[in-house]
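# Breakdown of the fold
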Amino acid sequence: MLSSLLVVSIGLAGGTIIYQSARTMRRELTTEYQLFAENRAFALRDNFEILEDELKRLAVMPEMNPSDPDLLQEEQILAGAHAHSVLYNTAVLLLDGQGNCIRSVPDRSAFRGQVFGDRAWFRAVHGGAPGPLFRITDEPALGQTLKIVQPVIHNGRFAGALVGIIALGENNLIAPTFHENLPRQTDAVLVDIDAVGDGQVIYPPGRPPVAAGSGWAQAIAAAVWGGSGTLIGEANGQKTLFAYSPVGAATRYAVVFAWPWRTLTANIEQQGVTLGGILVFGVVVASIAGLLLSAYLTRPLRALADGAIRIARGEPVPAAGTPQPAGTEEISALLGAFAHMERSIQKRDQELREAAGLLEQRVADRTAELYAIQAALVEAERFAAMGKTSAAIAHELK
């Protein structure tokens, strides 16, 4: 019984430890990858903010006047900004008040003389929308592009706009966030929260919309609320951990990362197997220790029970040379006291038996004496009676 309780207690304690350890490691794992997503979103936000600040700086320069007939100064400013910045990897456009591209750096035929007045993003800044605006559009020569639009205000009136253009299909400021120093089997996208109803993925370009009800759709829907977090869903037919975080700055974008759950928890599962093996070994050791401890404790207790039975039956005490069962110091002392008590009781019983025998002998002797006296009295009375009879007869004969 004792060994069973010991094994059960160790099993419950070990199982609880394994369960709590697994929960803690999973919580730490999700926290780690949430921080990873937040870190990548923060780095991308820094890049966007640098780009915003550069466009704002250029737009407020007094020399930046799209309505000026001589655009040499504007062209030199744009060329200098482009030459000293890695952010404008495609082009910086200067648009006049009607949306005509009057300068582009570098000078590309795809933009030279192009009219953007009918574009929604130009109408927005022309209508007074504060910049910068981030918009995803398709260009015939560049494919999908990210446009950062900053209105140019001259003398309190809208004079045109500066447009930074990033070709998403080329090497750009977004690419490092989704391609460099990633954990194994990482999948990642940049999504436009405002267009989440259509499942629009901004980056990588050409990626199809996410399927409704999929793990990706759930993660993007969670990112719509503007916070960061993690969730477990399905992707490519397997359990997947998703981590998401808003980018911020002037954008309504969010990054979403995904990793196969089995890949992330391989170490946890291995540690669980190791802990399970340790637990099984502990249970086996506890079983053996329980049996030995049970025998160690029950032998003296059994000796006490045997002594009580001998006392009840009046059996003789074992010889003094009989080895005593082992036990703890307290149990050994108890066993010694019980043996001493048993010997005292046996000695007392022996003395009582001897006293009873002596008393019986004395009673028998006294009884015999009384019988002899009684017989003598009877005999004396018989002789007295005979004397009286003889006297009476003699008297009658006379």
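Look up: the structure comes first, before these words.
What this report covers is the structure whose coordinates are included nearby.

Calculation notes
Residues numbered from 1 in each chain as written. Predicted model: local features only at pLDDT ≥ 70, side-chain atom pairs only at ≥ 80, totals over all residues. Heavy atoms only, no water. Helix = DSSP H or I, 4+ residues; strand = E, 2+ residues; numbered from the N terminus. Buried < 20%, exposed > 50% of the residue type's maximum accessible area, 1.4 Å probe, protein only. Contact = heavy atoms within 4.5 Å. Areas by Shrake-Rupley, 256 points an atom, 1.4 Å probe, with all protein chains shown as cover. Pairing = 2+ DSSP bridges. Axes fitted to C-alpha atoms, helices over the stretch in contact; angles between N-to-C directions. Salt bridge = Lys/Arg side-chain N within 4 Å of Asp/Glu carboxyl O. Phe/Tyr/Trp six-rings, centres within 6.5 Å; stacked < 30°, edge-to-face > 60°. Lys NZ or Arg CZ within 6 Å of the ring centre and 35° of its normal.

Our focus in this paragraph is the overall build of the protein. Each helix and strand in the protein was counted, giving eight helices and ten strands. Sorting the 398 residues of the protein into buried and exposed places 34% on the buried side. Within the protein, contacts between residues at least 6 apart in sequence are counted, and of these 57% link residues at least 24 apart. Surface exposure of the protein reaches about 22800 Å², of which carbon and sulfur atoms provide 59%.

Strands in a sheet are paired, the pairing made by backbone hydrogen bonds, and the direction either parallel or antiparallel. As summarised here, the arrangement of the five strands in space is β2-β1-β5-β4-β3, forming an open sheet in which the pairing is antiparallel. At either margin of the open sheet sits one strand with a lone partner, and together these are β2 (101–105) and β3 (133–139). With strand direction ignored, the average angle separating the axes of adjacent strands in the sheet is 25°. By the bridge criterion, seven bridges tie β3 to strand β4 (residues 143–154) in an arrangement that is antiparallel. Paired with Thr137 across the bridge in β4 is Thr145. Its contacts with the sheet place helix α2 (residues 72–83) against β1 (91–96), β2 and β5 (157–167), and it is angled at close to 30° to β2.

Turning to the pattern of salt bridges, a few remarks are in order. Scanning all chains against the criterion turns up six salt bridges. For Arg57, the salt bridge identified is with Glu54, shortest N-O distance 2.9 Å. On the criterion of helical spacing, the pair formed by Arg57 and Glu54 is a turn pair, its members being three residues apart in helix α1 (residues 2–59). When its relative accessible area of 18% is taken as the criterion, Glu54 is described as buried. A salt bridge links Arg207 to Asp187; the nearest nitrogen and oxygen atoms lie 2.9 Å apart. Of this pair, Arg207 sits in the loop between β7 (201–203) and α5 (215–223) while Asp187 sits in strand β6 (residues 187–192), and the two are 20 residues apart along the sequence. On the basis of relative accessibility, which here comes to 26%, the residue Arg207 falls in the partly exposed class.

This model, assessed by the stated rule, comprises 13 aromatic pairs. Summarising the aromatic geometry, the rings of Phe36 and Trp259 are spaced 5.8 Å apart at their centres and angled 75° between planes, so their arrangement reads as edge-to-face. Pair noted here: Phe36 is in helix α1 and Trp259 is in strand β10 (residues 253–260), with a separation of 223 residues, a long-range link. By relative accessible area, Trp259 is classed as buried at 0%. Plain terms: the ring middles of Trp121 and Phe122 are 6.4 Å apart, the flat faces sit at 85° to each other, and that makes the pair edge-to-face. A single burial state applies to Trp121 and to Phe122, both of which are buried. Taken together, the ring pairs connect Tyr33, Phe36, Phe178, Tyr203, Phe257 and Trp259 into an aromatic cluster. In this structure, Arg207 is placed above the aromatic ring of Trp216, and the distance from its NZ or CZ to the ring centre is 5.0 Å.

The next point concerns the environment of Leu71. In this fold, Leu71 is placed in the loop between α1 and α2. Classification of Leu71 as buried rests on a relative accessible area of 8%. Residues Leu71 and Arg103, 32 residues apart in the sequence, show an inter-C-alpha distance of 8.2 Å. Discounting residues that sit within four places of it in the chain, Leu71 has contacts with Asn65, Pro66, Ile102 and Arg103.

A few words now on the pairing of β6. Where burial is concerned, most of β6 is hidden: five out of the six residues are buried. Judged from the six bridges that link them, β6 and β10 form a sheet pairing that is antiparallel. Pairing of Ala188 across the sheet is with Phe257, part of β10. Here β6 runs beside β7; their pairing, made up of two bridges, is antiparallel. Directly across from Val191, in β7, lies its bridge partner Val201.

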